[in-house]
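Residue strings, one per chain:
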Amino acid sequence: MRRRLFLASAASALAGCGPIGSALNNNDNVRRILASAEGLNHFLIGTRGLAREYRDNDVDRHFRVNGFATPSDTRYADLVARNFAPYRLIVEGAVERPQTFSLAQLQRMPQQTQITRHDCVEGWSVIGKWSGVRLGGLLDVVGLRNDARYVVFRCMDNDGSGNLYYESLDLHQARHPQALLALRLNDAPLDPDHGAPVRLRVPTQLGYKSAKWIARIEVVGSFATIAGGHGGYWEDQGYEWYAGI
Ligand SMILES: Nc1nc2c(c(=O)[nH]1)N[C@H]1C(S)=C(S)[C@@H](COP(=O)(O)O)O[C@H]1N2
Ligand SMILES: [Mo]
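Scope of this entry: the structure provided in the associated data block. What you see is a predicted model, and the numbers here were worked out from it, not measured in a lab.

Re the pattern of salt bridges
Then comes step 1: For the structure on display, the rule yields 13 salt bridges.
Then comes step 2: The partner of D56 in a salt bridge is K129, with the nearest N and O atoms 3.1 Å apart. In this pair, D56 sits in the loop between helix 3 (41-47) and helix 4 (74-81) while K129 sits in strand 4 (residues 125-134), placing the two residues 73 residues apart along the sequence.
Then comes step 3: Judged by relative accessible area, which is 16%, K129 ranks as buried.
Then comes step 4: Here E92 makes a salt bridge to R216, at a shortest N to O gap of 2.8 Å. Taken together, the positions of E92 in strand 1 (residues 88-93) and R216 in strand 10 (residues 214-220) put the pair 124 residues apart, joining distant regions of the chain.
Then comes step 5: Residue class for E92 comes out partly exposed when judged on its relative accessible area of 27%.

What follows is the structure in structure tokens.
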């Protein structure tokens, strides 16, 4: 039953997520991702294991852009024009010390670099070099309250009908050693199309979990009352919430 539910949601997922659509349904990569995300692998590989890390010369020269259009509102345009100086990452909710972080503050925190493969549910992958702040480290700075269960990421973009992109991780995923708030891609500051100034990078889960253009992080006890109640924009359309690779 559980397996059938997963496959049903995975099949519907293949039609969405970006411009490629279902042309790649027969792609080996898709089948491998679907097979590996089933059952116990969720826990054995997805939450405890580490995603493979590659070497500098494995990095793909072009990191594909996917998902909704880069925000084009005046607020985002102003952030870009001013090199994100006015940007503040809001961290609030079930935390001991709610606070905001400027990009400069995030850049001064300990940085981690990882060369990992991004796997989109559509069946394409790309290897990139990411640097930024470990999400677990940021959560330590703000301190979690006892009622904290999930970390929700609120993004600046929307689907054209006004529904904002969002995502969520449980605390286990959020504290995964490779869960990164990325500030840099391939030795350069993150560019607007890849989610500047701050995006999530979770190499143990499918690409749609890696939220771009993060404006606000909200720690909650439950995401049932947020948007469609399934923990993410694509999850609200029937995609798998866990989405482990
Ligand atoms: N805010 C936001 N984050 C997002 C998306 C999006 O549309 N909006 N698309 C997701 C999907 S489906 C993928 S595959 C990756 C694409 O990241 P990239 O454009 O850097 O390749 O971002 C993910 N994060
Ligand atoms: Mo994706």
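Okay, back to it.
Considering the environment of G231
Then comes step 1: Tracing the chain through its elements places G231 in the segment after strand 10.
Then comes step 2: Each C-alpha atom of the pair G231 and D170 lies 9.9 Å from the other, and the pair is 61 residues apart in sequence.
Then comes step 3: Setting aside residues no more than four positions away along its own chain, G231 makes contact with Y166, E167, S168, F223, D236 and W241.

Re the sheet that holds strand 2 (residues 99-102)
Then comes step 1: The strand order across the open sheet built from five strands is 2-1-10-5-6, with neighbouring strands paired in mixed fashion. Two strands close off the open sheet at either side, each with one partner strand: strand 2 and strand 6 (164-170). Averaged over all pairs of adjacent strands, the angle between their axes in this sheet comes to 20 degrees, without regard to strand direction.
Then comes step 2: Two strands pair when backbone bridges link them, and strand 5 (residues 150-158) and strand 10 are joined in this way by six bridges, in the antiparallel orientation. The residue of strand 10 that forms the bridge with F153 is I217.
Then comes step 3: Along the sheet, helix 6 (residues 135-142) makes contact with strand 1, strand 2, strand 5, strand 6 and strand 10, crossing strand 2 at roughly 135 degrees.

What counts, and where the lines are drawn
Residues numbered from 1 in each chain as written. Chains lettered and ligands numbered in written order. Predicted model: local features only at pLDDT ≥ 70, side-chain atom pairs only at ≥ 80, totals over all residues. Heavy atoms only, no water. Salt bridge = Lys/Arg side-chain N within 4 Å of Asp/Glu carboxyl O. Helix = DSSP H or I, 4+ residues; strand = E, 2+ residues; numbered from the N terminus. Buried < 20%, exposed > 50% of the residue type's maximum accessible area, 1.4 Å probe, protein only. Contact = heavy atoms within 4.5 Å. Pairing = 2+ DSSP bridges. Axes fitted to C-alpha atoms, helices over the stretch in contact; angles between N-to-C directions.

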